[in-house]
Amino acid sequence: VSTQAASANFFYSSMDEDDFYALRTAYYLGDYGKVEQEYNNLNSLSGMKAKERDSYLIRSLVAQKRLKEALKLAKGEASAIVACKQLIGYKQSKSEEAKDSVID
């Protein structure tokens, strides 16, 4: 096996191991309908991977200003979920003082 072929095989096998590739790509492209599809495709995940999956859907809901739905999903103490809760609180804040308190 040539070095080039070996590195190509490593690249593709590394990509295959990334459960969140399609979900993350859809989120960063702003294709929030696709985010929901990919979220549903990853329903077998558990633990921290499930929390990471949830954080992408929550952030896509926030981007669509669907804050009530996002807040319902933002349960738990995982760092990604806590960050999403803070983002929701910031978006819902009416005054600069309230926004500052969310950041602190």
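Details of the structure are given in the entry above.
None of these values were measured; they are calculated from a predicted model. (Residues numbered from 1 in each chain as written. Predicted model: local features only at pLDDT ≥ 70, side-chain atom pairs only at ≥ 80, totals over all residues. Heavy atoms only, no water.)

Visitor: Where do I start with the overall build of the protein chain in this structure?
Guide: Counting its secondary structure elements, the protein chain contains 7 helices and 0 strands. N-terminal to C-terminal, the α/β element order of the protein chain is α-α-α-α-α-α-α. The buried share of the protein chain, reckoned over its 104 residues, is 27%. Considering only contacts in the protein chain between residues 6 or more positions apart, those separated by 24 or more positions represent 45%. Per element, the accessible surface of the protein chain, about 7,100 Å² overall, is 52% carbon and sulfur. (Helix = DSSP H or I, 4+ residues; strand = E, 2+ residues; numbered from the N terminus. Buried < 20%, exposed > 50% of the residue type's maximum accessible area, 1.4 Å probe, protein only. Contact = heavy atoms within 4.5 Å. Areas by Shrake-Rupley, 256 points an atom, 1.4 Å probe, with all protein chains shown as cover.)

Visitor: Sorry, what's going on with the packing of helix α3 (residues 32-41) against helix α4 (residues 47-63) here?
Guide: Relative placement of two packed helices is described by the angle separating their axes and the distance separating the axes. Two elements in contact, α3 and α4, have axes whose closest approach is 10 Å; the angle formed by their N-to-C orientations is 155 degrees. Classified by the angle their axes make, α3 and α4 are roughly antiparallel. Like other packed secondary-structure pairs, α3 and α4 cross with a definite hand, here left-handed. Contact residues: α3 offers Y32, V35, E36 and Y39, while α4 offers R53, D54, Y56, L57, S60, L61 and A63. Of the residues belonging to the contact of α3 with α4, the class tally is 7 nonpolar, 1 polar and 3 charged. (Axes fitted to C-alpha atoms, helices over the stretch in contact; angles between N-to-C directions. Parallel < 35°, antiparallel > 145°, perpendicular 65-115°, else oblique. Left-handed = near helix turned anticlockwise from the far one by under 90°. Nonpolar A, V, L, I, M, F, W, Y, C, P; charged D, E, K, R; others polar.)

Visitor: Where do I start with the packing of aromatic side chains in this structure?
Guide: The geometry of an aromatic ring pair comes down to the distance between the two centres and the angle between the two planes. Within this structure, the stated rule accounts for 3 aromatic pairs. When the centroid spacing of 6.3 Å and the interplanar angle of 55 degrees are considered together, the rings of Y27 and Y32 count as tilted. Overall, the relative accessible area of 23% leaves Y32 in the partly exposed class. Relative to Y56, the ring of Y27 lies with its centre 5.8 Å away and its plane at 70 degrees, an arrangement referred to as edge-to-face. On the criterion of sequence distance, the pair formed by Y27 in helix α2 (residues 21-29) and Y56 in helix α4 is long-range, its members being 29 residues apart. This pair shows no difference in class: Y27 is buried, exactly as Y56 is. One Lys or Arg, R59, reaches over the ring of Y56 and ends 4.5 Å from the middle of that ring. (Phe/Tyr/Trp six-rings, centres within 6.5 Å; stacked < 30°, edge-to-face > 60°. Lys NZ or Arg CZ within 6 Å of the ring centre and 35° of its normal.)

Visitor: I tried to follow the pattern of salt bridges on my own but got confused; where do I start?
Guide: Side chains that carry opposite charge are capable of pairing whenever their charged atoms lie near each other. Scanning the model with the defined rule gives 6 salt bridges in all. Between E38 and K34 there is a salt bridge, with the nearest N and O atoms lying 3.1 Å from each other. Pair noted here: E38 and K34 are both in helix α3, with a separation of 4 residues, about one helical turn. Given a relative accessible area of 32%, K34 falls into the partly exposed group. Residues R53 and D54 are paired through a salt bridge, measuring 3.0 Å at the closest nitrogen-oxygen approach. D54 shares its class with R53; the two are buried. Several salt bridges converge on common partners, so that one network encompasses E36, R66 and E69. (Salt bridge = Lys/Arg side-chain N within 4 Å of Asp/Glu carboxyl O.)

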